[in-house]
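# An overview of the molecular structure
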Amino acid sequence: MTTCFEDLSNELFYEIFDYFDICYTYETFAQLNNRFYQLIHYSTIPLAFNFSLLSKKTFQHRCNSIVQPNIHRIQSLCLSHHLLIDEFFKRISFNSTFIRFETLILYNVKSDNLVDILTNLISLPRLSSLTITTIDEIRSRDFIYFLIIPLSSLKYCKLSIETWNQDYIISLTNIQYSSLEYLIIESTCNLNELLEILAFTPQLKYLSCKISLSNNTLSEISIIPMNLVQLHFQLEMTSFDEFEWFICSFRHQFQVLSVSTKSDLEYLYADRWEQLIRSQMPCLQRFYLQYQSIINEEFEEFEIYCTLVEGFNSSFWLEKGWLFKYQLYTCNDGSSWIKFHSIKPYRWQQYDIYENTIQATPTSLNLASDIHFHSYEPITEDGTQFSRVTRLTLSDGDQTQIFSFIFQLPQLFPALQLTELIITDNNFRFEHLLSFSNHFPNLQSLTIPKTILYLSSPQSQTNQLTMNRNTILEVTILNQCILDDIQILLRFCPTIQSLDIEVDLENLQIILYYLLWKYTNRTHKDRQSPSIHLKNHHFWKHEYTNCLSCSKMQSINSSENALPCNHHLSSLCCRNINYRMIEKFRKMIDQEALLDDYSIEYLDQRMYLWW
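Residues numbered from 1 in each chain as written. Predicted model: local features only at pLDDT ≥ 70, side-chain atom pairs only at ≥ 80, totals over all residues. Heavy atoms only, no water.

### As for the sheet that holds strand β13 (residues 350-353)
Pairing is mixed in the open sheet, where 10 strands are placed in the order β13-β16-β18-β19-β20-β21-β22-β23-β25-β24. Either end of the sheet is taken by a strand with one partner, and the two such strands are β13 and β24 (599-603). On average, adjacent strands in this sheet sit at an angle of 10° to one another, irrespective of strand direction. Across 5 bridges, strand β23 (residues 571-575) lies against strand β25 (residues 606-610) in antiparallel orientation. Looking at β25, one finds that Cys573 is bridged to Tyr608. (Pairing = 2+ DSSP bridges. Helix = DSSP H or I, 4+ residues; strand = E, 2+ residues; numbered from the N terminus. Axes fitted to C-alpha atoms, helices over the stretch in contact; angles between N-to-C directions.)

Following this line, the structure appears as structure tokens:
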């Protein structure tokens with residue numbers, strides 16, 4: 001018996017739709033027939049919107065035609081760029097019609113917009129999860145706590161909001177107690193700030209923060225939430241004496257403790273940790289420690305560290321199953337370091353692999369999401385599993401080992417898992433990048449030096465290379481670049497949406513014309529040539545009429561000279577820009593009619609252009 005696609009039940013279709021972005025579902029399925037239209041437009045299933053940077057017109061259309069009519073169904077919203085955030089809240093304001101709204105995630109918010117956004121959160125009666133990062137610094141976070149703590153349904157809050165003054169004093173008075181249970185502060189806070197927060201979060205169960213305890217008066221801390229059982233601290237400029245005084249204020253109740261720190265040698269005193277845990281942490285079930293310090297090359301100091309770390313092999317640690325590993329490595333600047341950390345599993349976000357590393361015992365399970373290679377030495381099989389890696393950084397190594405290194409990398413983690421690649425090594429070349437993208441086809445974000453866009457062999461030409469298909473959407477070029485670099489990049493990344501570059505003024509004007517006139521010429525076929533004289537103008541004109549992506553030709557290599565057009569590109573960030581240049585470029589765009597609807601902003605010596 002033959003079964004047609006439309007014979008499937010409504011319930012099964014809803015499960016299928018869960019695998020797609022909600023906007024893609026609307027734009028792909030809703031107009032197929034009346035049944036799909038009814039299924040999608042009249043469903044009561046909650047919606048989750050996740051907007052990364054896309055074209056301004058597309059975003060406006062989706063806000064007006066998909067988001068606005070479904071406000072009553074929205075359960076979560078994620079906005080990943082400050083220009084998206086600005087545009088969204090120009091069109092839509094939080095109010096009582098968001099009856100199912102529970103999760104808000106805002107990345108790279110401008111600090112000037114924080115008050116307006118946070119003030120409106122009070123109208124979301126079911127808001128239970130809030131994540132905010134800012135793109136610029138603020139003076140103090142006190143107003144943020146004033147607006148967040150009173151939110152009656154909030155259970156989870158994650159903040160990454162840097163301040164330009166670390167010594168400010170806050171005082172939270174005349175506000176109601178918070179319902180928060182999970183609090184993560186990724187920016188450095190001081191003791192005063194943390195204690196003020198703890199005084200108004202009596203339901204807190206989980207606390208993670210970056211904190212400095214130095215220069216604080218060692219007095220008793222009296223207000224600690226009774227339910228607080230998980231503590232995760234990244235300590236800055238904090239001695240073991242200061243940490244011990246601080247941790248003894250938590251009334252023996254916590255069950256999980258994670259500590260990451262540097263410098264003070266006493267953090268490696270196993271007997272002192274053992275005494276502290278026995279006397280002050282009787283309920284402790286899991287303990288994670290990470291310590292890093294620079295060391296002298298003298299043999300005597302090396303012996304001291306080795307002796308100290310041996311103390312963590314006593315029966316106290318082995319019986320609890322708390323196992324550790326140390327690494328001795330040399331950085332590119334010649335300095336020697338020791339890194340001591342818990343294993344089985346390794347739970348910190350970043351993990352570094354150096355050349356000439358002496359390791360004691362394999363890590364086994366490594367939960368780091370960001371792996372940083374400082375060498376291309378052959379990968380040794382030690383049983384380590386990197387189960388959560390999504391970002392890889394390559395900073396240095398022998399150029400002759402790069403190809404074999406790339407070939408071995410999939411042994412460490414699944415190839416499709418990697419989405420972000422950062423290369424700071426100037427030895428990397430374009431051929432290496434092509435090989436890497438072949439092995440890791442799910443790359444979406446790429447950071448490279450401009451030298452990577454050059455070939456190892458002067459006789460080679462980029463239009464003779466086989467350009468593999470990739471899904472790279474965001475690219476950052478670390479050094480000052482020129483038009484030739486952009487042309488090669490567009491050939492390699494035909495689906496690029498966002499470009500971050502540093503360019504001198506003369507080259508920036510040429511690159512802007514190239515990118516924007518190329519985009520405009522695709523949408524306005526009868527446009528005249530721009531008034532400014534551009535190098536290689538006739539070559540560009542030939543490219544416009546032979547755009548491979550727009551004409552849907554089979555392969556980028558099917559035409560000798562043509563480059564894929566930038567019809568996906570909708571965002572440009574230029575670093576180290578003088579604010580006076582913003583009006584000049586705005587005038588240029590308007591006079592030449594390069595864009596119809598766009599946003600241009602200056603923030604922290606950067607120009608952001610979105611169209």
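Once the structure has been displayed, the description carries forward.
### Looking at a nonpolar patch on the surface
A contiguous nonpolar surface patch, about 380 Å² in accessible area, is contributed by Tyr19, Phe20 and Tyr24. Note on placement: Tyr24 falls in helix α2 (residues 22-29). (Patch = residues over 30% accessible without salt bridge, like charges linked within 9 Å, V, L, I, M, F, W, Y side chains within 5 Å. Areas by Shrake-Rupley, 256 points an atom, 1.4 Å probe, with all protein chains shown as cover. Salt bridge = Lys/Arg side-chain N within 4 Å of Asp/Glu carboxyl O.)

### Focus: the packing of α2 against helix α4 (residues 56-67)
At a closest axis distance of 11 Å, the pairing of α2 and α4 adopts a crossing angle of 80°. In this view, α2 runs roughly perpendicular relative to α4, as classed from their interaxial angle. Contacts from Cys23, Tyr26 and Glu27 in α2 reach His61, Arg62 and Ile66 in α4. Broken down by class, the residue content of the contact of α2 with α4 amounts to 3 nonpolar, 1 polar and 2 charged. (Parallel < 35°, antiparallel > 145°, perpendicular 65-115°, else oblique. Contact = heavy atoms within 4.5 Å. Nonpolar A, V, L, I, M, F, W, Y, C, P; charged D, E, K, R; others polar.)

### Notes on the pattern of salt bridges
Under the counting rule described, the total for this entry stands at 22 salt bridges. Among the salt bridges present, the one from Arg91 reaches Glu87, with a minimum N-O distance of 2.8 Å. Of this pair, Arg91 and Glu87 both sit in helix α5 (residues 82-91), 4 residues apart, which is roughly one turn of that helix. Exposure remark for Glu87: the relative accessible area of 6% places this residue in the buried category. Overlapping salt bridges bring together Asp241, Glu244, Glu266 and Arg272 as one network. (Buried < 20%, exposed > 50% of the residue type's maximum accessible area, 1.4 Å probe, protein only.)

Honestly, that's just the spatial picture; any functional story needs more than this.
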